[in-house]
Amino acid sequence: MMRPCAAHARAAALIAAAWLLHPLDVRAQAGEPIGDAPFDSSYFAWQRGDFIDALTRLDRLLAGPDAHRWLEPAAVLTGELFATQELTTDGLAPTWSPDGQYVSWESGTGSDRRVHIARVGDRGAHTVATVSGRAPAFDGAGRVFYIVVPASPELAQARTDVDAAVQARNSQEAFRARTRVAQLEAAAARLMVRELASGREAAVDLGGIEPQTVVFRPGDATPHVLGATAGAGNGSDLYRIADGTPRRVTTADGPKRDIVFLAGDRLLYSIDRQSFAIQSLATGAVSIHTGTQVTRSADGSTVSFVRPDAGESVITLLRADGSAVDAVRRDGPVANPALSRDGSRLAYQAMPREDWELFVVDAAGSDERRLTREVQHDLLPRFIDADRVLAVMGEARHRRSYVYDLRTGKRTRLFHNNTVRTVAPEYEWVLSPDGRRVLIVAERDGDTVSPERGVYLTDLDRRVTVEDVQSRVRRQLAGEQALREKARGLFAGIEEAVAAATGDVSRDRIYQYEADLFQFDSKHIMQPGNAKAIEYITQKLREFGYDPELQWFEPRGVRTANVIATLPGTVQPDVLYTVSSHFDSVERGPGADDDTSGTAALLEAARVLASRPQSATIHFAFFTGEEAGLLGSREYVRRAVENGDRLVGALNNDMIGYANDQRLDNTIRYSNDGIRDIQHGAAILFTDLITYDAKYYKSTDAHAYYEAYGDIVGGIGSYPILGNPHYHQTHDHLETINHQLVAEVSKTTVATLMKLASSPSRVKNVRVTRSGRRADVSWEPLPERDVAGYLVEWGPAGAVRGSMRVNGTAARITDVAAGDEIRVSGVSERGTLSWDAARVTAN
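Residues numbered from 1 in each chain as written. Predicted model: local features only at pLDDT ≥ 70, side-chain atom pairs only at ≥ 80, totals over all residues. Heavy atoms only, no water.

Student: Please clarify how the pairing of strand 6 (residues 134–138) should be interpreted in this entry.
Tutor: Along any regular strand the residues' side chains alternate between the sheet's two faces. One ladder, built from three bridges, connects strand 6 with strand 7 (residues 143–148); its direction is antiparallel. By the bridge assignment for strand 7, arginine 134 is matched with isoleucine 147. Count of turn residues in the strand 6/strand 7 antiparallel hairpin: four residues, of which glycine 140 carries a positive phi of about 80°. (Pairing = 2+ DSSP bridges. Helix = DSSP H or I, 4+ residues; strand = E, 2+ residues; numbered from the N terminus.)

Student: Is there a simple way to explain the nonpolar core in this structure?
Tutor: By size, the foremost hydrophobic cluster in this structure holds 71 residues, and its most contacted members are Phe491, Leu541, Phe620 and Phe622. Of all the elements, helix 16 (residues 739–757) adds the most residues to this core, at ten residues. If you look at the next biggest cluster of nonpolar residues, it comprises 47 residues, including Phe44, Ala67, Phe415 and Trp429. (Core = buried A, V, L, I, M, F, W, Y, C linked by side-chain atoms within 4.5 Å. Buried < 20%, exposed > 50% of the residue type's maximum accessible area, 1.4 Å probe, protein only.)

Student: When you look at the confidence of the model for the chain in this model, what are you seeing that I'm missing?
Tutor: Low pLDDT means the predicted coordinates in that region are not meant to be read closely. Here the chain averages 92 in pLDDT, and 95% of its residues register 70 or above. Every residue in residues 1–30 scores below 50 in pLDDT, and together they form 39 contacts with partners more than four places removed in sequence or on other chains. (pLDDT = per-residue confidence, 0-100. Contact = heavy atoms within 4.5 Å.)

Student: What should I look at first to understand the environment of arginine 194 in this one?
Tutor: Summarising the element assignment, arginine 194 is placed in strand 8 (residues 190–195). For arginine 194, a relative accessible area of 16% translates into the label buried. Placed 316 residues apart in sequence, arginine 194 and isoleucine 510 show a C-alpha to C-alpha distance of 64 Å. Setting aside its immediate chain neighbours within four residues, arginine 194 contacts Ala129, Val131, Gly142, Arg143, Val144, Tyr146, Gly199, Arg200 and Glu201. Here glutamate 201 takes part through its side chain, which lies 3.0 Å from a polar atom of the side chain of arginine 194. (Polar contact = N/O pair within 3.5 Å; in protein donor to acceptor, adjacent residues only side chain to side chain.)

Student: Where do I start with the packing of helix 6 (residues 153–167) against helix 7 (residues 171–188) in this structure?
Tutor: Helix-helix packing: each pair is described by the crossing angle between the helix axes and the interaxial distance. In the contact formed by helix 6 and helix 7, the axes pass within 8 Å of each other and the chain directions differ by 160°. The angle between the axes of helix 6 and helix 7 places the two elements in the roughly antiparallel class. When you trace helix 6 past helix 7, the crossing you get is left-handed. In this structure, helix 6 uses Glu154, Leu155, Ala158, Arg159, Asp161, Val162, Ala165 and Val166 to contact helix 7, whose residues at the interface are Glu173, Ala174, Ala177, Arg178, Arg180, Val181, Leu184 and Glu185. Class assignment for the residues of the contact of helix 6 with helix 7 results in nine nonpolar, no polar and seven charged. (Axes fitted to C-alpha atoms, helices over the stretch in contact; angles between N-to-C directions. Parallel < 35°, antiparallel > 145°, perpendicular 65-115°, else oblique. Left-handed = near helix turned anticlockwise from the far one by under 90°. Nonpolar A, V, L, I, M, F, W, Y, C, P; charged D, E, K, R; others polar.)

Student: It is not clear to me how unusual backbone geometry should be interpreted in this structure. Could you clarify?
Tutor: Of all residues except glycine, most have a negative phi; of all peptide bonds, most are trans. In this structure, aspartate 595 follows aspartate 594 across a cis peptide bond, with omega equal to 5°. One non-glycine residue, alanine 310, lies in positive phi territory at about 55°. With respect to the helices and strands, the residue alanine 310 is situated in the loop between strand 19 (302–309) and strand 20 (312–319). Residue classification places alanine 310 among the exposed residues on the basis of a relative accessible area of 76%. Phi is positive for methionine 655, close to 60°, though the residue is something other than glycine.

Student: So what exactly am I meant to see when it comes to the pattern of salt bridges here?
Tutor: Opposite charge on two side chains makes pairing possible when the charged atoms of those side chains draw close. Under the defined criterion, the tally for this structure stands at 53 salt bridges. In this structure, aspartate 504 and arginine 612 form a salt bridge, with 2.7 Å as the shortest nitrogen-oxygen distance. Here arginine 612 lies in the loop between helix 12 (592–610) and strand 36 (616–623) and aspartate 504 lies in the loop between helix 9 (495–503) and helix 10 (507–518), a separation of 108 residues in the sequence. Taken together, the shared-partner salt bridges connect Arg307, Asp309, Glu312, Asp326 and Arg329 into one network. (Salt bridge = Lys/Arg side-chain N within 4 Å of Asp/Glu carboxyl O.)

Structure below.
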């Protein structure tokens, strides 16, 4: 069981004392301690993962007479401060009209590509049109232009060829097929225009130009099209289209991209990956500049870019009068310069150590200020107005947005999904022209697997109310109480055995495994450390009493092996659960977190369970070649399928040892909701681990399980909630690892395995035939030998209207309604239910 919180209380007191030493402007950051005991007690309870205590305290504060005093810190601690509207659950590439009155986003792929247009008012936005096409551009005069690619048999076949090549993992053929699709789309592309008020649409005569994008010169509603003449290959130029007559605007040689109109009758565009042009629209004269990451101020007066100079990184500013200023000059790398609206200030990111930090400097290169000191990457700054900067934090698979006030130093989280546990990765951020609103593309539901992403409109001028936050807090509190109650039910009957097992997990042993493996340096399949790690893991497993199997194979001409330890099941040895981690690392790094941390946790789980066999068989799988293309996991699953193994559940742990603060937290990465809830329960009841969750398995070793066996995946990893700055770097060293965190993950893994392997697995192939209010349900028998029957439940999703216990593999329901969810679970002789119910909808 979870230990008493005396240690947590001491830690909280130390944190509070240290906090008081921070400057007041930093202490004022929203969602952090504010120096008031009533709120700070909630904050520190939240930090130690006691969410029920934290939410209970917050509810009391928000119900009290001083509720408005606690509104902002409570809102940011629990979710969003700014009013946010979900525009769609499936969208990407959001844009604003120049006047800020309209927004657009795109959805679909190929011939199903759609452009959605919404009008924005003071209280949100509403959709006014949806059209077939892509790449919308507003002219600022009540029209939107977009590109249409008509369907054709040739294009349909080319797209099918891409899908087939990707499915076959044939990268060369996929490249050729994508090139063919691009050529056919370019040749077929047409430009359309729609009047937003009337809805009238018409084709635009381009005079033979194949359109790529449309841009507008400020104050000029005439479309300017970046495109090429038929047969021009990769060439492209900007053309002004008037009365069907294209007039070439750009004069420099080579293909153009990233077209922007500047103040002073100038045009900016890139001409290759390392240089860009500024062209006079009056004379056509062009000046070529060497540099990358080119951006401009909103008023078009200033251009910034990054260039190397004598071993230093330089950010140079170009003014409309032709003058140039080197505003930043550093020994280390710099990136993503961003200018204020009038070009008087510059924000950028630099790397003082291993991670990116944010800085602001004036246009003359003086008065530099450091905005961030977070160990995660701080990235992509952009000015909201003269005194506020929007930027994001984290690694690409999970970034979070923040607003920085340059006057006070205050940092405020911008976006969230208002849940305690589920991670909401963000991907795109587009400010409105006046800086009052932000369009954000995110997976607010935490589902990184499905291709759909939501588009959200966040209003920086409108904050949530006390009532909003109190409702949120009470919803979260009810969810946390239900999760804890479910956890107790899941582990009922085995809690003493699980507590004894997790109590045997040793942080000191885990550290020794890590230290031993770290001595081998890189464990990539192309490095000597790979073979040393195989030998070491094999030796340790033998010490624990296993007879490990070495799955030798030769990917890319190199001999390597997975190491598999088997703990035979005592009741149903032919039912299999697998828990895995990869032991290899990148070729130029020792991989202390990625993934020696997971390997060490897995070794300790194997040691603890060696003397505690479970009803079902467990494989402890140490995978090779993950960093070379998920090779080991694919080989393991290939053999499992070939052998006819009944693999019914799988856990995969990867990168579990890095912590950027005092919190012991990690993410459950899952496909199966049942395993997710078991892992939350295991962490809550038997460890000090704070768990979050994200539906996430692609591009990991867990993907092979899913492809072959379906929705059976769980596991723990830092991504996508924490961006380790040492990820895939030479400095992924042992001293960056929190060994207690690794131990807590190992405990959670042990508890999860004991629950899974002592329960019936999930029923397969449930079939429903409905006739009126009657439904006949059937399913495959479970493989476990101790199954005494099945529980059938039905009702609306998440609710139970009726249930019955049956001994066979079929049931007849007499009061089912269309749309009801029917759930089937196995019941063991001890009364234990399947760890996840099979679900099907009655249509």
